[in-house]
Amino acid sequence: MPKVDKGHFEEKANKIVDAAIRVCKTKPAYAVTLRDVVKESGVSQGGMYCYFSSIDEIFAEILNRAYSEFQLGDAIDEVFQSNKPLHEVIIDAFALLGQLADGMVAQYGKLLYEISDIYANEPERVVKIIDRIRVTNDTNAVVGRIMTLIEANIASGTFNPMMPKEHILLLIGVMIQGITKTVTFSQNAEMLKAQTGVTEEYTTAQGMMKVLAQTILRLIETDNSEEK
């Protein structure tokens, strides 16, 4: 068999990933099969196996593409190493997280959420993609640094939370997931806007993340001086 040029191989693999994304716009990701992608891409079944042996490998490449397109670079350090007051740093960090979520949703719609949901509910399939994820998801990096910053300042006494630290961190994690889901399924955001009367800004992930940051700050900046 003649040796395939690396550039040609990558171009063909990218076209297959493009085809998979198109398929995922017509049916839920959990229902997409390798046969669907074969049909959409025009590649033969045998030819497909030269590039991907399963739908999980294709999903891994979709994640790699998305994560590489939405890298924050120095923006993360700029936020966390800022000379701004601590509460402003935290608000900026949550806003950065929301900005990232808004960008991914605008580009990929519900696809990334659906893929993540597949592996959350079928952990045995994670082993099929773990070694193929080559790009870091900056969402995890920002969330990790937010958690570390808050935890460190609770430990130092800078923050005096009104509930156990573990409950604060749990609330952050749950609310971040909830916001991401809300903006991913846009009808939820529209319903929220109608029910609450919030402005358009607060139906975005960035707007919601700012509200979350302000809420968390109210929970951890409690001044107990009145009790003394």
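Treat the numbers as computed from the prediction; the structure is a model and nothing was measured.

Enquirer: Help me understand the overall build of the chain, please; the structure alone is not making it clear to me.
Expert: In terms of helices and strands, the chain carries 11 helices and zero strands. What you see in the chain, going N to C, is helices and strands ordered as α-α-α-α-α-α-α-α-α-α-α. On the principal axes, the C-alpha backbone points of the chain span a range of 80 × 40 × 30 Å. Counting the 228 residues in the chain, one finds 41% classified as buried. In the chain, 73% of the contacts between residues at least 6 apart in sequence involve partners at least 24 apart.

Enquirer: What exactly am I supposed to notice about the packing of aromatic side chains here?
Expert: What characterises a pair of aromatic rings is the spacing of the ring centres plus the angle enclosed by the ring planes. One pass over the structure, following the stated rule, counts two aromatic pairs. Judged by centre distance (5.5 Å) and plane angle (85°), the ring pair of tyrosine 113 and phenylalanine 185 falls under edge-to-face. Taken together, the positions of tyrosine 113 in helix α7 (residues 111-121) and phenylalanine 185 in the loop between α9 (165-184) and α10 (186-196) put the pair 72 residues apart, joining distant regions of the chain. Relative accessible area serves as the criterion here: at 18%, phenylalanine 185 is assigned to the buried category.

Enquirer: Can you walk me through the side chain of asparagine 64 in this structure?
Expert: Residue position: asparagine 64 is located in helix α4 (residues 55-69). By relative accessible area, asparagine 64 is classed as buried at 2%. A polar atom in the side chain of asparagine 64 sits 3.3 Å from the backbone nitrogen of valine 135. In this structure asparagine 64 touches Arg132, Ile133, Arg134 and Val135, once residues within four positions along its chain are discounted.

Basis of the calculations
Residues numbered from 1 in each chain as written. Predicted model: local features only at pLDDT ≥ 70, side-chain atom pairs only at ≥ 80, totals over all residues. Heavy atoms only, no water. Helix = DSSP H or I, 4+ residues; strand = E, 2+ residues; numbered from the N terminus. Buried < 20%, exposed > 50% of the residue type's maximum accessible area, 1.4 Å probe, protein only. Contact = heavy atoms within 4.5 Å. Phe/Tyr/Trp six-rings, centres within 6.5 Å; stacked < 30°, edge-to-face > 60°. Polar contact = N/O pair within 3.5 Å; in protein donor to acceptor, adjacent residues only side chain to side chain.

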